[in-house]
Structure formats: C-alpha cells, structure tokens
Amino acid sequence: MASEEASLRALESLMTEFFHSCTTNQRKREIEELLNNFAQQIGAWQHCIYFLSNTRNEYVMMYSLTVFENLINKMWLGVPSQDKMEIRSCLPKLLLAHHKTMPYFIRNKLCKVIVDIGRQDWPMFYHDFFTSTLQLIQAPSTTPLGLIMLKTTSEELACPREDLSVARKEELRKLLLDQVPTVLSLLTGILETIWDKNSVTAATPPPSPTSGDSGDLLSSLLQTPQAAKLLNQPIPILDPESEQVCFLALDCLTHLFSWIPLSASITPALLTTIFHFARFGCDTRAKKLVAVNGNGHNNNIIQERGKLGVFAMSCINELMSKNCVPMEFEEYLLRMFQQTFYLLQKITKDNNAHSIKSRLEELEESYVEKFTDFLRLFVSVHLRRIESNSQFPVVEFLALLFKYTFHQPSHEGYFSCLDIWTIFLDYLTSKIKSRLADRDEVLNRYKGALVLLLTEVLRRIQFCFNQAQLEELDDETLDDDQQTEWQRHLRQSLEVVAKVMELLPSHAFSTIFPILQDNLDVYLGLQQFVITSGQVHRLNITAENDCRRLHCSLRDLSSLLQTSGRLAEYFIGDVFAARFNDALRVVERLVEVTLYGSQIKLYDMETAVPSVLKPDLIDVHAQSLAALQAYSHWLAQFYSEVQRQNPEQFVSLISTAMEATAPLISSKVPEKLLLSACHLLLSLATTVRPVFLVRIQAVQKIFDRISDGSARQLPQEGKVLVCRALSNMLLLPWPNLPESEQQWAVRSTNHANLISTLTREYRRLKENTGLSQGKVGLGNTKVVVQETLSILRYIVENISGEVTKSRQICYQSLQESVQVSLALFPVFIHQPGVTDEMLSFFLTLFQGLRVQMGVPFAEQIIQTFLNMFTREQLAESILEEGSGGCRVVEKFLKILQVVVQEPGQAFKPFLPSIISLCMEQVYPIIAERASPDVKMELFELLYQILHNNWRFFFKSSVLASVQRGTAEEPMENEAQFASTMQKIFRTTMLFQFINVLLQVLVHKSHDLLQEEIGIAVYNMASVDFNSFYTVFLPQFLGSCDGVDSNQRTVLGRNFKMDRDLPSFTQSVHRLVNDLRYYRLCNGSLPPGTIKL
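A brief report on the enclosed structure follows. As the structure is a prediction and not an experimental result, all values here were calculated from the model.

Pro123 follows Trp122 through a cis peptide bond whose omega is 0°. Tracing the backbone through its elements, the reader meets Pro123 in the loop between helix H6 (104-121) and helix H7 (129-138). Although it is not a glycine, Arg689 adopts a positive phi angle of roughly 55°. Positionally, Arg689 belongs in the loop between helix H30 (671-688) and helix H31 (697-707). Unusually for a residue other than glycine, Lys1004 sits at a positive phi of about 55°. Within the secondary structure, Lys1004 is located in the loop between helix H45 (974-1003) and helix H46 (1010-1021).

This structure, assessed with the given rule, holds 57 aromatic pairs. On the basis of an interplanar angle of 40° and a centroid distance of 5.2 Å, the ring pair of Phe991 and Phe1032 is categorised as tilted. Of this pair, Phe991 sits in helix H45 while Phe1032 sits in helix H47 (residues 1025-1039), placing them 41 residues apart in sequence. The residues Phe991 and Phe1032 share a single accessibility class, namely buried. One aromatic cluster is present, formed by Phe991, Tyr1018, Phe1025, Phe1028, Tyr1029, Phe1032, Phe1036, Phe1055 and Phe1064 through successive ring pairs. The positively charged end of Arg747 is found above the aromatic ring belonging to Trp734, 4.0 Å away from the centroid. It is Arg793 that lies over the ring of Tyr794; its NZ or CZ is 4.9 Å from the centre.

Let us now look at the environment of Ala608. By secondary structure assignment, the location of Ala608 is in the loop between helix H26 (580-600) and helix H27 (610-630). For Ala608 and Ser553, which are 55 residues apart along the polypeptide, the C-alpha to C-alpha distance reads 16 Å. Filtering out sequence-adjacent residues up to four positions away, Ala608 remains in contact with Ile541, Thr542 and Cys547.

On the secondary structure map, Thr142 appears in the loop between H7 and helix H8 (143-158). When its relative accessible area of 10% is taken as the criterion, Thr142 is described as buried. The contact partners of Thr142, leaving out residues within four places of it in the chain, are Leu96, His99, Gln135, Leu136 and Ile137.

Let's shift gears to the pairing of strand E2 (residues 536-539). When strand E1 (residues 530-533) meets E2, the two strands line up antiparallel, connected through 4 bridges. Its bridge partner lying in E2, Ile531 is registered against Arg538. The hairpin turn running from E1 into E2, its antiparallel successor, is 2 residues long, and Gly534 in that turn takes a positive phi close to 65°.

Moving on, we get to the packing of helix H24 (residues 505-524) against H26. When two helices pack together, their arrangement is captured by the angle between the axes and the distance separating the axes. Two elements in contact, H24 and H26, have axes separated by 12 Å at closest approach and are oriented at 20°. As summarised for this structure, H24 and H26 are arranged roughly parallel, according to the angle between their axes. Two packed elements cross with a definite hand, and for H24 against H26 that hand is left-handed. Between H24 and H26, the contacting residues are Phe509, Phe513, Gln517, Leu520, Asp521, Tyr523 and Leu524 on the first element and Asp582, Arg585, Val586, Arg589, Glu592, Val593, Tyr596 and Gly597 on the second.

Moving on: the nonpolar core. Counting residues in each nonpolar core, the largest one holds 329 residues, and the members touching the most others are Leu91, Phe424 and Trp634. With 12 residues, helix H9 (residues 166-199) is the largest single contributor of residues to this core. For Leu91, the residues in contact, after removing those within four places along its chain, are Ile49, Leu52, Phe68, Leu110, Val113, Ile114 and Ile117. Core analysis: the second largest hydrophobic core is formed by 33 residues, Ile1013, Leu1075, Tyr1077 and Cys1081 among them.

How each quantity is defined
- Residues take numbers from 1 onward in each chain, read along the sequence in its written order.
- Per-residue local features of the predicted model are confined to residues with pLDDT of at least 70, and side-chain atom pairs are confined, for both listing and counting, to 80 or more; whole-chain, interface and lining totals are unaffected and use all residues.
- Here the side-chain values reflect all heavy atoms present in the structure, with hydrogen atoms and water set aside.
- Runs of E in the DSSP output that reach at least two residues are strands. Runs of H or I that reach at least four are helices, and both are numbered from the N terminus.
- Here the aromatic set is Phe, Tyr and Trp, taking the six-membered ring for Trp, and pairing holds for ring centres within 6.5 Å; pairs whose planes are under 30 degrees apart are stacked, those over 60 apart are edge-to-face, and all others are tilted.
- With a 1.4 Å probe rolled over the protein chains alone, any residue whose accessible area is under 20% of its type maximum counts as buried; one over 50% counts as exposed, and the rest are partly exposed.
- Ring-over charges, as used throughout, are those where CZ of Arg or NZ of Lys falls within 6 Å of the ring centre and within 35 degrees of the ring normal.
- Contact between two residues is taken to exist if any of their heavy atoms lie within 4.5 Å; hydrogens are not considered.
- Being paired, for any two strands, means DSSP has found at least two bridges between them.
- Axis lines are fitted through C-alpha atoms, for helices just across the contact stretch, and the angle between N-to-C directions can take any value from 0 to 180 degrees.
- Each angle gets one of four labels, with under 35 degrees taken as roughly parallel, over 145 as roughly antiparallel, 65 to 115 as roughly perpendicular, and the rest as oblique.
- Two helices that cross are described as forming a left-handed crossing if the nearer one is turned anticlockwise from the farther one by less than a right angle, and a right-handed crossing if clockwise.
- Only buried Ala, Val, Leu, Ile, Met, Phe, Trp, Tyr and Cys residues count toward a nonpolar core, and they belong to the same one when joined by side-chain atoms within 4.5 Å.

Here you go:
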C-alpha cells in the first residue's frame, strides 16, 4: 500500500511538472517516455485503479483513464480473463461512487472507457452492460449518469471505428436495434413524467389579447381541437435537476435518431413530447417577466429554457433529414409538420411587423437557426410528399414562411430563408415543366405567394425603403466566393427575382420596369443640376437631405440595372417574339442611359459628398453598361430577325451604344467604368457581330487609339479586352451571310495592320544584340514580352473554334511574332514568369492553329523545347523555382499532350524523345515529391501516348500481321489479336493492378477515393471472376503479413463470391476492414502468445 501511495505522489509530481509553463521540451519528452513505458507494463492497470480512487489531480486521472483506453482498444485480446473480469467490475463501481464529485470531462472519459469494454465484450462476457445502463436511467439519483452512458453507447457502438471486424460491427448494430423500443419508451417516460409533474403547478397565464387570432389557421393545421388544446397548455417552470435530465434525454434522442430507421418505435407520444419541449424555444413570456423584475439569476434560467427548445428542435431535424420514409411513417410525418407549423404560427402570429421582429430577436439565436434548418429540410426533402395531402394547408404554410423570412433579426437568418425560397421555386418550376396539362392550375394556386415574395424581395434591396439595414452590410471585405456581404445579399435576392420571372414573366416585368423607370428619371434629371466653371463640372446638389436621397436613388438604380441584366435570359429563344416589346423598352432605356452618362461625364463630376456620391455615379454608369452587355444575345437574335429588312432600329441601337462606349476607353476614365465599357465592346463584337460595326465612327476612333499608341496607357486587362474586341471584328464571320460577302481580303489586310501595330515593340526585341547574346535586360523587356504575348494568346483563343478562314488570317498576321517568340525562348528559359507566358502562348497556338502553322514549323518548335528542357533545366524548374517553375513544366507537358494526340504520321518521330523525357527525365524528379499538378499532367500525357499511339509499342511485323493497307481499313485477325492482348493483360498485369489497389485501401493512403477504388477493383475482377476468386484472392491473402492461417481462411470465407457491383464492393471493404482489424489484434498480443 505504501509503495502505491508513493507511486501516486510521484505520478502527481511528474504530471504537474509536465504541464508547468517552465518545463522545457526536452524534460517533457523524458517524462512522456517514462509515462509510456509505465503504461506498457503488464498489470499497470491495477496501479491506475488505485490512482483513480485516491487522487484529486485531474492530470493523473486523465492519464490513468488513457492507460485503460489503450489497454482496452489495443491490447484487450491478450489480457487474461480474470483481469478482464476485475476491470469490468471495478470501473463501473468507481464511476458510481465518484460520478458526482469528478470533473465532468473525467466522468465522461470514464463512461467512454466502460463503453469501450462493452464494445468488445457485450453480451458474451459483459452480459449486464446494457441492462446496468438502463437501471442507472431508471433510478432517479443516477438518471443523468445513465443518460450520459446511453449517449456514449450510441456514439461508440452504432457506428464504431475500424478497430472491430465487420461481423462484430453488424452484431453490435443488431443488438442495439433490439434495444431501441425499450430505450425510446424509457426516454419518452422520463420526458413525459417531468412535463406532467411540473405542468400541475404551472400558473395559467391570463388570455393574450392576440390569442383569438390563431384559431382558424391552428385548426386547419392540427385538424383536432384536442391537439390544439394540448399545444396551448402553459409551459411549465422546471427545476435545475429536471432541466438537466431533459437536456440529456433530448441529446440522447438526437443521436439515436441519427442512426435508427423510421419505424413504429418512434411513437406519437414521443413526438408530441418532443414538440412540447420545442415550445421552450419560442416562449418569450418568461423573458418579459425577467425584464420587468430584473433578476439576473432568473435570466440564466430563461437562457437554459431556450436551450431546451434548441435540443428538441435538433431531435426533430434529425428525423426530418431522413429521405427514406416508410409508408406507415408518413402519418407521423404529417403530425410532425402540423405541430412544428403550430410553433411557426406562434412565433409569427402578431400582425404588427415590429413585434414579430422583436419576438424573433428575443428568441435564442441557435433556436431560430434550428427552426430555419427545419424549414429547409421540410421544403427540400418532404414538400413533394405532403403537398398533395388535403390535411396540410401548403398556401397557409407559405404565408407563415413569408412572415418568418421578412422579419428575421439578422442578415444571415434572412439569407438562409432566401435559400429556402430558392429551393421552393426550383421545386415549383420542375413540377410545372413536368405537368404541362395543369400548369395554369398549379401556378394560380401559388401566384399570390409569388407576387408577395417578388414585391418584398425587391423592397429589401432598395435603399429608399431599407437604408439603415443595407448600410450595415459590408461592401469591402471579400468572402471565400470573392463577393462582399452586400454583393451576396443582392445576388441571392436577384436569384429569387429571376426564378419568379421564369414562372410569372409578365407580372414580374410589370413590377420591376416601373421601379427602374422612376430611378432612371432621377438619374437622367441630374443634368439640370450640373454647373460648369471653366474646365470644372460640379453637381449643384448640396443639402444634406437631398444628398442622402440622391445616394439612395443611385444605389437603388445600380441594383435595378443589375436586376434588368439578370432577367435578360427570359427574353430570348422561343419567347423572343412574344416578349420582344418588353425587351426593346429595356434595351432602349439602357442605351439612352449609357450615352447620357458618357456625354455629361458624371463620373468626373465634383460633388458635395465626393466619398459617397462619386462612387455611386461611377457604379450606376458601369452597371448600365454591364446590363446592356447582358442583352447581347437578345441583340444577336434581333439582328438575325431584321438583317435583311428594316435594320434601321437595330443599327441605331448599336451605333448609339458605341457612341456611349468609345469615349470611356481612355486611361483618364475610372478603371471600373473602363472595364465595363471594354466588356460591352467585346460582347458586341463577339456575340452580335454586326457587319457595319467596324464602320461606325466611334469604333474607328478606338482603332486609331491603338495605331497612335495612346491605348498603351490603359491597364493591361482593359488593353487585352479592347484588342480582343477589335481582332474579333475583323476575324469572326458575319452571321447569316454567304462566304462571298464576308470581305475576307479587306479584313485580312486590316487585321495584319492591327497585329503589326500591337507587336511593333515586341518584334524589335529580336534585333536586340544584347538579347541574342543572352544578356537579358530585365524590367521593361520582360513587361513587353508578357503583355504582348498575353494579348496575342487571347486573340488566338477567341478564334480557335471558328471557321478555317478566320484561323488562316489570324496565323498570317501572327506569323512573324511566333517566330520571334521561338527565337527568344532560349534567352528567357531561366525566367519562369516569362517562360510561363511564352509556353501559354505556344500551347494556345498548338490547340487552335497547329494546322495553319504547318508541320515543319511545328516540328521546329517541339525540337526547340525538347532541346531546352534538359534534365537539369527540369529539375531547376520543378525543385527550385517553386510554383512558377512547376507551372512552366505543366504547360510544356500540355503542349506535348496536344502533339501526341495529333492523327497522322507528322509528329510520330518525336514519340521516342517524348517518352524518354517523361520516363527518364521528368518522372525521376517528381516520383518522390509531392508536385501533384506536374504529376497529373505527366500521367495525362502518358495516357494520351498509350491511347493514341498504341501501335508504336508493337514490332512492325506484329502490326503487319493484323493490319493490311491503310489505318482506316478494317483490321485483319482482329478477334485473335484482341484475344491475345487480353490474355497478356490478364496473365501478367491484371492481378498486379488489383493487388496495388487493395494495398492502397489497406494502408488508407487514398481514403478519399475509397469508393472509386472499390469500383475499379470490381471492373478489373469482372474481366475474369473465376480467376479472381480461385487464383488471385488466395494468392493475395497468402502474401498478407501480420495475420495467421486461420485468419486468412476466415477472410477468404467472408469474401462472398458475388458478381454484382454493390455486393462485390461491400466484400472488398469488409476484407480491408477485417485485415486491418486482425493485424491490430495480433500486434497487441503479448510476446510469446500462443494463437489457436
């Protein structure tokens, strides 16, 4: 005894020293090694029993429990049965004796250790494990402890970790399922008893002045007066002990519901009881009493009451998340929905908007989140089941959801509710598309709700109604989706508007367009307030209230312009003619407002509040251009309709749009506005492609800016967009015109001039003697190369899928620049930033213009690259240059991928060099390193070589015997050849592949790909199932180390000889799991153990 006492004091001293802030890492490692050695000793657990019984040191208690946990989970098989019995007896007694005085985390850890024993031994060697837990729950003094044990049992036994065999996992689940009716009945009884006991003494509140308004809806939701009466009972006041028991019981139910199937065990009585407790979350009456009395202690009690509601809603949501609902359970579901929507009606019952929002603010925030989760699950998973049920009033539910959505106290809550409406609108749209016969009937049923939704969502994005709340939204910080909080709010709102537009196009347009008109009138009226003094233009609106109103109107106009752009897709295609007049009105207004903004230069105007109004004016102008760009597909359809007759109206729209756009392509214009103008120009040139576009005077001015060099001052992104647009005007075929009217000769000359101007400085680099001698003058030279090649790359990308003539003209214009690029490549080989841009350009050339380049020049390019990318250069790029160097190698491998896919014999001579580069130079460098991107491109290249050039790997005599004549002719002896190849694969390669994949599963090196690997193994095994079962499986098991012959036999016997995919993959995963389990067991046995 004295020695155990001394050991305990020594352990306490070590643990205290270990966690002391002054202890060095070296000393901590020494202590850790000492503790590990102690834990590995046979019989260490007996000391730990003494430590747990006689210490108050939390570190010592946790260490002792860790020793037990390690013993049970890793060494239990080798523990003598007498020791096991003693442990099974001692630990529960220890828990029972000390559970009220232990720290909660020690108590929970001890519970888990006991459950771990049950996981191994119940019911064979630990037959009273589960019954003792039930007895703990039934005894009032130990009910909380029993509930903790029950939840831990559910967590550890229902979905155990991989340290059990599959057979044991299945046995545990079956054992637990057998106990489910008893457990649920017990938990129902506990919750009912507490509710009933405390309901007797609950004071009946005086009737609420608003209580009379719930009758009609409540009766339609619940059908029976008795059910409504039950839910209208006052909520009892619980003592702390009862409250804690309810928390634990509901927490248990939540976990149980996560794995037990929906069945008759989940009784109406249990559901009703859970809903009684869900009412705690929406009880604001008690909060008001606390506010009046100002009692801090009571306030804590109210917070706990609110959390009871949260726990109850978690239970409900766990049930709601199950998509597979048996027919007999649908009645229960209906009852759940009815009771939950009673709660929703209770939360939103007041007709006064402010008091609804106030009520929601008073509720526990997590309760509101859980309630929103419930609504999302109902709409996404169960609405289709319940909608046609006459006992469930869907339209009334939508009215409640509407009130709940638009009185949310937080922005996040509102976003979550908009998500629910989006799910509902998607459901309604797909339902209407699948039921064309009663389309109007379905739409009419929901039209009122959709109209209200549209109106309110539009109000919510307008500053004139909602300035205080909208100003709170952050419009600077970007989230993971690269949008600000304000942009997210607007985007989600516009998605809802767009979905309503799809269902009710006429009504949506007639709602949105007048609001747009009103705000446009304010904007267009600003001209009268402009005062010019010399070169300075000033907006003469200075009164604070006027500036505020103008700010709100401009922000709203910007949002409405985005709205009109988002709706452009609903005016094209089959509905073009029917909705033509509406679209024309929008486009005419957009053209008018863009021209107005460019002419009076509001973006350059001095204002009374420049930090607010100037960004507003710039944003409105930019959004008007972006909205017009969104209608480019409509303009293209309009053009195709009027091209041959009366195009005057169309010509006017395009000409005016260009008048509005051209002045903005200047370095003096704010970048946001400049880029919007460039994008509009590119869309008109690429999507609409009017014949007359290049002849418009405003467009000619843009060409002139390129020629005179003034465009060089533009930011690079703007420069690229403008050059792409001008190139497309000259290269892309005009729609609906024959080849003879395309004017290719003139356009070819103009394009050559354009490219010559753009590349003038770049082409001069070839004549630079310093460069040719390898003396790179960095800085400006690098900038010229990168900027020029970036522009040329985008120009080529734009026409890569176009007609041959466009590509021919493009290559003729680029030919000299391509040759310059190839000459400069060796000079910049050690500059990854420049090399990356060069290879990106060449990759685009090979993808889009390799036919136009011709074989000789393409060969020259490939040979140059192969010569430059020596092993040393590759190693430098991959290992030393970081991500920049890796990108260079990736681009090079992508170019080779294009080359090896080319049909015909032109590039076949390069195959040996390419294969040598892959296997002898690139692969050895990356084999032992991460470099995931480089690896992916290398493997893709090897795949393309094998897929497109398989003949390369056969002797010519073999090919001659199976192939006569040209490659296109049918293969002779095809069946024999295919049979021979299959036999070779089957006998020499197949089992090696399967073996590697199974080893990958066993070692868990690619856990995320478990399912895909299982399918791959099945596809390979299915080539010859008989050989797999009779030859491969015994060989594989025979080669597995760490298991004995008996275990190998069991593993083989458990692998069912099924030939369907689900059963086969299940057997694969069972084999892998059990093999790991046996190795764990065998590794935990003491040395010298005799295995029978």
